[in-house]
Amino acid sequence: MSILGLKKKQPKTFKVKVITMDAEMEFSCEVKWKGKDLFDLVCRTVGLRETWFFGLRYTVKDTYAWLKPEKRVLDQEVPKDSPITFHFLAKFFPEKVEEELVQEITQHLFFLQVKKQILDEEIFCSPEASVLLASYAVQAKYGDYDPNFHKPGFLAQDELLPKRVLMQYQMTADMWEEKITAWYAEHRGIARDEAEMEYLKIAQDLEMYGVSYFAITQNKRDTDLLLGVDAQGLHIYSPNSKLNPNKSFPWSDIRNISYSEKEFTIKPLDKKKDVFKFYSSQLRVNKLILQLCIGNHDLFMRRRKVDSIEVQQMKAQAKEEKARKKMERQILAREKQMREEAERAKEEMERRLFQLQDEARLANEALLRSEETADLLAEKAQIAEEEAKLLAHKAAEAEQERQRLEVTAMKTKEEKRLMEQKMREAEQLAVKLVEQSERRLKEADHLKQDLTEAKDAERRAKQKLLEITKTTYPLIAAYSTPPAPPEAADLGYESASTRLDFKDSDMKRLSMEIERERLEYMEKSKHLQDQLKELKSEIESLKLEEQQQQAGLYSLHGEARGYVQEPVYIPHSNRNSAYMSQMAFFEEV
């Protein structure tokens with residue numbers, strides 16, 4: 001028994017991953033599906049109706065290719081990985097984006113793709129245009145600029161400018177963000193689709209927009225060149241310059257394009273012009289160039305014809321959709337404005353409420369303070385009333401004291417008058433005593449002079465007596481005169497002694513009288529000094545008492561008026577100068 005070899009079953013489906021500019025999708029495809037089947041499935045999933053601009057691109061070795069719609073997917077040179085990866089991208093670009101791009105999804109996909117090509121530097125863009133495009137990209141992503149929400153640094157995570165532009169100028173990320181934000185603030189009120197359309201309108205004027213470049217050589221001189229294919233025609237560039245073409249062939253001037261293996265031939269519509277030939281090294285690249293030429297030429301011819309029913313319906317629907325969205329945006333803007341006004345009114349009311357609450361709180365606090373002040377004032381008024389009563393009582397007492405002091409002052413004045421009279425009498429007495437003392441001094445001087453003269457006379461008498469005695473005794477002895485009788489001698493001697501004694505007794509008596517008078521004078525002087533001192537102390541005590549009484553009177557009057565005045569001592573400067581000189585004289589004595 002022989003066993004027949006079993007054929008391995010082939011899978012009926014295969015996995016496909018399609019990457020768009022803003023999403024990734026996976027599909028399970030049947031083996032028999034053609035490229036058109038997969039492409040239509042992706043378009044239906046995305047909601048795209050303008051399918052003639054897009055295609056499914058895949059990578060083959062060192063280049064890329066577009067999935068052909070008429071051949072089965074697995075029969076083409078697609079990667080054999082699972083899932084098979086395709087990129088859903090724009091294959092052809094419109095000449096005027098504002099007129100040709102109808103659907104919003106179409107605009108959005110073009111916007112994302114062109115933005116990526118600018119950031120990846122596949123499309124050259126000046127720094128100024130890059131900043132302006134970045135501002136429209138920010139408007140499309142974040143909506144209207146709000147300084148309260150869009151704080152500095154809100155663009156730090158967004159890639160908005162090509163690296164070449166960032167490296168060309170020595171500016172920080174904050175400086176670039178400030179420049180972009182300045183433009184971004186000017187786009188207020190622009191919707192997302194409008195901002196994306198403005199972005200594309202600026203980008204379509206760039207020299208490298210929508211151009212596919214291929215390396216070629218010229219047949220005669222074998223010169224390296226670049227071929228550019230875009231919506232307007234074919235362009236020949238130098239290898240180092242992709243901005244300004246050396247030669248251009250618009251689609252309207254091309255009669256035919258053909259290629260044989262590696263040779264391309266461009267035949268102008270004007271037969272007088274030369275045919276342009278060039279070569280491409282790879283057959284796959286030649287096929288790609290031919291596909292792009294055919295597709296761009298078909299779209300070029302299609303734009304010059306009347307729109308098909310489908311396109312007219314799409315444009316009508318897009319127009320209605322734009323009008324509806326515009327109306328919705330206007331309604332939304334009005335509602336937003338009304339909401340903002342309501343919010344502002346609410347904030348104003350809240351602010352006013354807070355202000356009124358603060359004013360009420362302050363009024364309550366002021367009321368409490370006023371009540372406390374009123375209580376305090378009432379208490380002060382009561383205290384003032386009590387003080388007024390007390391002051392009135394003190395004033396009455398002060399008035400009584402003033403009257404008493406006036407009486408006392410009158411008495412004091414009378415006593416002062418009596419004391420002054422006593423002082424005058426004492427002064428007169430002192431003058432008399434001075435005169436008596438001067439007279440006594442003169443008498444004492446006379447007595448002293450008389451005493452001195454008496455002593456001198458006594459001394460002379462004694463001297464003379466001695467002389468007489470010395471002369472008498474020798475004479476008696478010489479003449480032998482008998483001595484006198486003792487009685488007589490004694491008598492004479494006694495008489496002389498009597499005379500001498502009489503003179504001595506007078507002198508002593510006179511001295512004793514002078515000494516007695518001097519002692520009496522000193523006692524009288526001492527007694528007068530004591531009387532003067534006592535009188536002086538009485539006068540001083542009377543003055544001190546008078547000053548105290550006046551100070552008390554001033555104090556009572558000051559308390560009655562609500563103040564107290566310090567007593568002022570006014571020195572007494574009207575003393576008698578003669579009395580002062582006499583006092584000085586007695587003190588010296």
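As annotated in an unreviewed UniProt entry, the chain carries the name NF2, moesin-ezrin-radixin like (MERLIN) tumor suppressor b and comes from Seriola dumerili.

> Looking at this structure, how should I read the sheet that holds strand β3 (residues 54–60)?
In sheet architecture, strand pairing relies on hydrogen bonds along the backbone and comes in two forms, parallel and antiparallel. The 5 strands lie next to each other as β2-β1-β5-β3-β4, forming an open sheet whose pairing is mixed. Bordering the open sheet on either side are β2 (24–30) and β4 (63–66), each of which pairs with just one other strand. Going across the sheet, the axis of each strand differs from the next one's by a mean of 35 degrees, ignoring polarity. Pairing of β3 with β4, which is carried by 4 bridges, proceeds in the antiparallel orientation.

> How should the packing of aromatic side chains be read in this particular structure?
Here a ring pair, both rings aromatic, is described through the centre-centre distance and the interplanar angle of the planes. Per the stated rule, a full pass over the model turns up 18 aromatic pairs. Ring plane angle 85 degrees and centroid distance 5.6 Å describe the contact between phenylalanine 53 and phenylalanine 110, whose orientation is recorded as edge-to-face. Here phenylalanine 53, found in the loop between α1 (35–46) and β3, pairs with phenylalanine 110, found in helix α3 (residues 104–119); they are 57 residues apart in sequence, far enough to count as distant. Phenylalanine 110 shares its class with phenylalanine 53; the two are buried. In this structure an aromatic cluster arises from ring pairing among Phe39, Trp52, Phe53, Phe54, Phe88, Phe93, Phe110 and Tyr209. Directly above the aromatic system of tyrosine 213 lies the positively charged group of lysine 242, at a separation of 5.0 Å from the ring centroid. Over the aromatic face of tryptophan 52 sits the side chain of arginine 302, whose NZ or CZ is 4.0 Å from the ring centroid.

> I keep staring at the pairing of strand β12 (residues 276–279) and nothing clicks. Help me out?
On any regular strand, side chains alternate: one points to one face of the sheet, the next to the other face. With burial as the criterion, only one face of β12 is covered, namely that bearing Phe276 and Phe278; the residues Lys277 and Tyr279 on the opposite face remain uncovered. In this sheet, β12 lies alongside strand β6 (residues 212–218) in antiparallel orientation, the contact comprising 2 bridges. Bridge assignment links glutamine 218 to a residue of β12, and that residue is phenylalanine 278. Direction of pairing for strand β11 (residues 263–268) relative to β12: antiparallel, over a ladder of 4 bridges. Bridging from a neighbouring strand, threonine 265 pairs with lysine 277 of β12.

> Looking at this structure, I do not really get the environment of leucine 447. What am I missing?
Looking at where leucine 447 falls in the secondary structure, it is placed in helix α9 (residues 309–479). Sequence separation between leucine 447 and isoleucine 514 is 67 residues; the distance between their C-alpha atoms is 7.5 Å. Excluding its chain neighbours within four sequence positions, the residues that come into contact with leucine 447 are Leu510, Ile514 and Glu517.

> I keep staring at unusual backbone geometry and nothing clicks. Help me out?
Note: most residues except glycine have negative phi, and most peptide bonds are trans. Put simply, serine 82 and proline 83 share a cis peptide bond, and its omega is 0 degrees. Note that proline 83 resides in the loop between β4 and β5 (84–90). Despite not being glycine, glutamate 121 has its phi angle at roughly 65 degrees, a positive value. In this fold, glutamate 121 is placed in the loop between α3 and α4 (127–142). Taking the relative accessible area as the measure of exposure, glutamate 121 reaches 38% and is therefore partly exposed.

> Just checking my understanding: could you explain the pattern of salt bridges for this structure?
It is possible for side chains bearing opposite charge to pair when their charged atoms get close. Using the criterion set out here, one finds 25 salt bridges in the structure. Glutamate 95 is paired through a salt bridge with arginine 303; the nearest N and O atoms lie 3.1 Å apart. Separated by 208 residues along the polypeptide, glutamate 95 in the loop between β5 and α2 (97–100) and arginine 303 in helix α8 (residues 283–303) bring together distant segments of the chain. We note a salt bridge from arginine 304 to glutamate 95, for which the minimum N-O separation is 3.0 Å. Highlighted residues: arginine 304 in the loop between α8 and α9 and glutamate 95 in the loop between β5 and α2, separated in sequence by 209 residues. We classify glutamate 95 as partly exposed; its relative accessible area is 21%. Within the structure, one salt-bridge network assembled from shared partners comprises Glu95, Glu100, Arg303 and Arg304.

> What exactly am I supposed to notice about the nonpolar core here?
Soluble globular proteins tend to pack their nonpolar side chains together in the buried interior. In this structure, Phe54, Phe86, Phe88, Val114, Ile118 and Leu234 are the most contacted members of the largest nonpolar core, which totals 91 residues. A total of 8 residues in this core trace back to one element, the largest contributor, which is α4. Ignoring anything within four residues of it in the chain, the contact list for valine 114 reads Phe93, Ile123, Tyr199, Leu200, Ala203 and Tyr209. Counting 8 residues, the second-largest nonpolar core is a separate cluster that includes Ala426, Leu433, Leu535 and Ile539.

> Would you explain helix α6 (residues 173–184) in this entry?
Given 3.6 residues per helical turn, the α-helix brings residues three or four places apart onto the same face. In a regular helix each residue adds 1.5 Å, so 12 residues correspond to 16 Å; α6 covers 16 Å between its end C-alpha atoms and thus fits that length. Three or more residues of α6 are buried, namely Trp176, Glu177, Ile180, Thr181 and Tyr184. Burial along α6 is one-sided: seen end-on, the buried residues are contained in an arc of 135 degrees. Buried-residue contacts for α6 involve α4 and α5 (163–168).

About the thresholds
- Residues numbered from 1 in each chain as written.
- Predicted model: local features only at pLDDT ≥ 70, side-chain atom pairs only at ≥ 80, totals over all residues.
- Heavy atoms only, no water.
- Pairing = 2+ DSSP bridges.
- Helix = DSSP H or I, 4+ residues; strand = E, 2+ residues; numbered from the N terminus.
- Axes fitted to C-alpha atoms, helices over the stretch in contact; angles between N-to-C directions.
- Phe/Tyr/Trp six-rings, centres within 6.5 Å; stacked < 30°, edge-to-face > 60°.
- Buried < 20%, exposed > 50% of the residue type's maximum accessible area, 1.4 Å probe, protein only.
- Lys NZ or Arg CZ within 6 Å of the ring centre and 35° of its normal.
- Contact = heavy atoms within 4.5 Å.
- Salt bridge = Lys/Arg side-chain N within 4 Å of Asp/Glu carboxyl O.
- Core = buried A, V, L, I, M, F, W, Y, C linked by side-chain atoms within 4.5 Å.
- Expected span 1.5 Å × (residues − 1).
- Arc of directions from axis to C-beta.

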